[in-house]
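Below, each chain spelled out in residue letters.
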Amino acid sequence: GKLRVGYGGMFYFPQLILGAEAFLDQSLAAQPDLAAHFDALGWHPYGAYPPLKPPEFSSPQSASPQWAVHQCADRLDAVLAQHQVAPKPHWVTELGWPSILGSDPEQQARWLVRAYTLLLSRDVEHLCWYTIWDGDPATALAPWEAGFGLYSHDADVLDGSLPQAKPAALAHMAFAKQLQGLGWAADESQGAVRAHAFADATGKVVVHAVWNDTLPTASLRAQDPASAVAWPARLGRTYTWTPAAGLPVALAAV
């Protein structure tokens, strides 16, 4: 088979190093035929480091603008277009949030699902979460660096015990199971409620990813997940709600 080449994973936000937009622009300007030598655009859709803002966060008017993860994809496509390069598939080769210092394990799980949904609404072929398991807090370069994992830190990898799955690991597995065999189909967001449809080739099997990113974390914890958003479901159709990390809940359209 054909070997596919990915453009090196660029850190999106310009912080200490050149940001992805400027780096891509300058590299294409320096080597006009560069785009002919890679098949996919690799990048890391992080905002300002450490990443403590949700995936939908954008601040276009600030001194250091930040963009939602899917907007980053659009903006990189625009850089390609400026150099008369057709859009390339996106490879998100690193993405994550720590579950400590401004976040928590449940919020990390919700942000994983929301980020994956938004990125899959663009031409994203691969998504790589950072990282599989938590590091050792005692040796981490910074406190939050130990908390990006899907699984807890394993202090002794030889004692026969397994690291504990964090909510983000359960959310990752649930998301993959729910969308198996489906592709992104439509953005059906309405007002504050974000809704993205995923469907099979026939359009008969449809799964919606639905959330309200304006609700504060405290409200989400206080409510049953099924009541956290009000989405205009179709009467006569049966729905189930699967929280980011949990068992499906039967719902009735009202």
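Residues numbered from 1 in each chain as written. Predicted model: local features only at pLDDT ≥ 70, side-chain atom pairs only at ≥ 80, totals over all residues. Heavy atoms only, no water.

1. A few points about the overall build of the protein
Operational definition: Helical segments are the DSSP runs of H or I of at least four residues, strand segments are the runs of E of at least two, and each set is numbered from the N terminus. Accessibility here uses a 1.4 Å probe with only protein chains present; expressed as a share of the type maximum, an area under 20% marks a residue as buried, one over 50% as exposed, and anything in between as partly exposed. Residue contacts follow a heavy-atom distance rule, with two residues in contact if any of their heavy atoms lie within 4.5 Å. Note on areas: Shrake-Rupley, 1.4 Å probe, and residue coverage restricted to the protein chains presented here.
Along the backbone of the protein there are five helices and nine strands. For the protein, the α and β elements follow one another from N to C terminus as β-α-β-α-β-α-β-α-β-β-β-α-β-β. Sorting the 254 residues of the protein into buried and exposed places 37% on the buried side. Within the protein, counting contacts between residues at least 6 apart in sequence, those at least 24 apart form 55% of the total. Looking at the protein as shown, the accessible area adds up to about 13800 Å², and 59% of this sits on carbon and sulfur atoms.

2. Some points on the sheet that holds strand β4 (residues 124-129)
Heads up, the rule is: Paired strands, in this sense, are two strands between which DSSP finds at least two bridges. Every axis corresponds to a line fitted to the C-alpha atoms, with the helix fit spanning only the stretch in contact, and the corresponding angles, defined between N-to-C directions, vary from 0 to 180 degrees.
Strands sit in the order β1-β2-β3-β4 across an open sheet of four strands; the sheet is parallel. The outermost strands of the open sheet, each flanked by one partner alone, are β1 (6-11) and β4. Direction aside, the axes of adjacent strands within the sheet are offset by 15° on average. Running at roughly 140° to β1, helix α1 (residues 20-30) makes contact with β1 and β2 (40-44) of the sheet. Packing against the sheet, helix α2 (residues 69-82) makes contact with β1, β2 and β3 (90-95), and its axis sits at approximately 135° to β2.

3. Re the nonpolar core
Rule in force here: Within this scheme, the nonpolar core is defined by two criteria: the residues are buried Ala, Val, Leu, Ile, Met, Phe, Trp, Tyr or Cys, and they are joined through side-chain atoms within 4.5 Å.
In this structure, M10, L24, L41, W43 and L76 are the most contacted members of the largest nonpolar core, which totals 41 residues. If one sorts the elements of this core by residue count, helix α3 (residues 105-120) sits on top with eight residues.

4. Notes on the pairing of β1
Rules: A clockwise path from the first strand over the helix to the second, with the strands pointing away from the viewer, defines a right-handed crossover.
Bridge analysis of β1 against β2 gives four bridges, and the strand direction is parallel. In the strand pairing of β2, F11 is matched with H44. Note on the crossover from β1 through α1 to β2: the handedness is right-handed.

5. Notes on the sheet that holds strand β5 (residues 183-187)
On the basis of which strands lie adjacent, the open sheet formed by three strands has the order β5-β6-β7 and antiparallel pairing. Where the open sheet ends on each side, the last strands, each with one partner, are β5 and β7 (206-212). Put simply, the sheet's adjacent strands are angled 25° from each other on average, direction ignored. With seven bridges joining them, strand β6 (residues 193-199) and β7 adopt antiparallel strand pairing. Pairing of H196 across the sheet is with A209, part of β7. The strands touched by α3 within the sheet are β5, β6 and β7, with β6 carrying the most contacts at an inclination of about 60°.

6. Thoughts on the environment of L18
Within the element layout of this structure, L18 appears in the loop between β1 and α1. Other than its neighbours up to four places away in sequence, L18 contacts F11, F23 and Q26.

7. With respect to helix α4 (residues 167-178)
Heads up, the condition is: A helix's residues, less one, multiplied by 1.5 Å, set its expected span. Taken from the helix axis, the directions to the C-beta atoms give the arc we talk about.
Here α4 contains 12 residues, and its C-alpha end-to-end distance of 16 Å stays within 8% of the 16 Å for a straight helix at 1.5 Å per residue. Restricting attention to buried positions, one finds in α4 the residues A168, A169, A171 and F175. Along the long axis of α4, the arc covered by the buried residues comes to 160°, so they all point the same way. Next to the buried residues of α4 lie α3.

8. Points about α1
Within α1, burial applies to A20, L24, S27 and L28. Angular distribution of buried residues about the axis of α1 spans 95°; they occupy a single face of the element. Turned more than 90 degrees away from the buried face of α1 sit A29 and A30, all of them exposed. Looking at the buried positions of α1, the neighbouring elements they touch are β1, β2 and α2.

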